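The residues making up each chain are set out below.
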Amino acid sequence: MALAAKITVLLGGVGGAKLAEGLAAVLPGRSLTFIVNTGDDFWHLGLKICPDMDTLVYTLAGIVDRGQGWGMRDETTYALESLARHYGLEPWFRLGDSDLATHLLRSQWLRNGMRLTEVAAELASRLGVDAAILPMCDEDMPTIARTADQGELGFQEYFVKHRWQPVLRGIRHAKRERATLSPEVERALAEADLVLIAPSNPWLSIAPILAVPGLRDKLTRLNAPVVAVTPIIAGAAVKGPTAKIMRELKLEVSAASVARYYGAVLDGFVDDIRNQACAFDGLRALRTNTLMRDESDKAALARAILEWIEGWRA
Ligand code: FO1
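No experiment lies behind these values; they were computed from the predicted model shown.

A. Quick look at the packing of aromatic side chains. Summed over the entire model, instances satisfying the criterion amount to nine aromatic pairs. Aromatic pair Phe-42 and Trp-92: ring centres 6.2 Å apart, planes at 40 degrees, arrangement tilted. With a gap of 50 residues between them, Phe-42 in strand E3 (residues 42-44) and Trp-92 in the loop between helix H3 (78-87) and helix H4 (97-111) connect regions that are remote in the sequence. Residue class for Trp-92 comes out partly exposed when judged on its relative accessible area of 26%. Taken together through their ring pairs, the aromatic side chains of Phe-42, Trp-92 and Phe-93 make up a single cluster. Sitting over the face of the ring of Trp-312, Arg-284 holds its NZ or CZ atom 4.5 Å from the ring centroid.

Written out as structure tokens, the structure is:
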């Protein structure tokens, strides 16, 4: 695809950040806009935590902890240990000391009246990231997990405290009626030559973005192609609970099932060579290696997608 092309990516979590890294390796930052899931965000110990945004920015800035995929590398946890030793707390959410700097600044700026979109741009820019990083909306729209045995759980309680073990019955997007499309998200969609849905968890990471009032409708009507990358490879998720959740929601664990879930939003689907070949109900489809084990896999996937889309015009 031409270097001047504008690409907008919907993503969340570690899988999304890997594709983002691949795209950033083959395109200039000014071509890329990331619309990030903020359904995982929460206030914790007085601080606003935005895990998916931080995972993406730390990854693009080259300071992510590569082993776990989130948090900063070479991290220490003195503050957390002090909370336990001196104040008797049992911290279940691991906030590293360097990572705390991000949460402190973000919380202060939000309390001073900045919008989350402005805060995200400022943090990314100070960390040297030149791609545009947009939260899906400025308002709080927390994801609530409806579980079989524990009732409703806040996202991080479900995901981290209970290690995504409770059986999921469904997802609720709290305060959805108060969320609005930001001008920056509207512009990123209107100006895009291509919209990609990253191989993030469709139910936990992408569904919250599509649930922002007006966003799914805008995507469905967009002239630019909208293409999703499979999060399912050989009947399993690379990491995390996607396959488990699909079974709990009584869905077939397959790439086709994910494409059906996105429905009319999609024009194309990028499937993995390890999956059984499938027609994807009339969508244009690319079969390629989507497993991103290292930097060269990430860049190769980004290049394969861009070359394939370029061929659509011919
Ligand atoms: N994930 C964990 O499994 N345990 C943690 O204690 C944890 C802390 C944490 C702190 C900051 C941050 O940005 C991310 C953190 N994550 C942690 C990752 C995060 O909870 C999830 O990976 C995402 O929300 C799911 O996309």
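After presenting the structure, the write-up continues.
B. The arrangement of unusual backbone geometry in detail. In this structure, Lys-250 is a non-glycine residue whose phi angle is positive, near 65 degrees. In this fold, Lys-250 is placed in the loop between helix H10 (242-248) and helix H11 (255-262). Judged by its relative accessible area of 70%, Lys-250 falls in the exposed class. Positive phi values are uncommon outside glycine, yet Asp-281 reaches one of about 40 degrees. As for its position among the elements, Asp-281 is in the loop between strand E13 (268-272) and strand E14 (284-288).

C. Inspection of the sheet that holds strand E7 (residues 151-154) at higher detail. The strand order E7-E6-E8 describes an open sheet built from three strands, whose pairing is antiparallel. Strands at the two margins of the open sheet, each flanked by one partner only, are E7 and strand E8 (168-173). Mean inter-strand twist for the sheet, computed between neighbouring axes without regard to direction, equals 30 degrees. Pairing geometry for strand E6 (residues 143-147) and E8, over five bridges, is antiparallel.

D. Just the sheet that holds E13, in detail. As summarised here, the arrangement of the seven strands in space is E5-E2-E1-E9-E10-E13-E14, forming an open sheet in which the pairing is parallel. Both edges of this open sheet fall to strand E5 (132-135) and E14, since each of them pairs with a single strand only. When strand polarity is set aside, the average angle formed by the axes of neighbouring strands in this sheet is 20 degrees. In terms of strand pairing, strand E10 (residues 226-229) meets E13 through three bridges, oriented parallel. Of the residues in E13, the one forming a bridge with Val-229 is Val-270. Sitting on the sheet, H11 is in contact with strand E9 (194-197), E10 and E13, with an inclination near 160 degrees to E13.

Criteria and cut-off values
Residues numbered from 1 in each chain as written. Predicted model: local features only at pLDDT ≥ 70, side-chain atom pairs only at ≥ 80, totals over all residues. Heavy atoms only, no water. Phe/Tyr/Trp six-rings, centres within 6.5 Å; stacked < 30°, edge-to-face > 60°. Helix = DSSP H or I, 4+ residues; strand = E, 2+ residues; numbered from the N terminus. Buried < 20%, exposed > 50% of the residue type's maximum accessible area, 1.4 Å probe, protein only. Lys NZ or Arg CZ within 6 Å of the ring centre and 35° of its normal. Pairing = 2+ DSSP bridges. Axes fitted to C-alpha atoms, helices over the stretch in contact; angles between N-to-C directions. Contact = heavy atoms within 4.5 Å.

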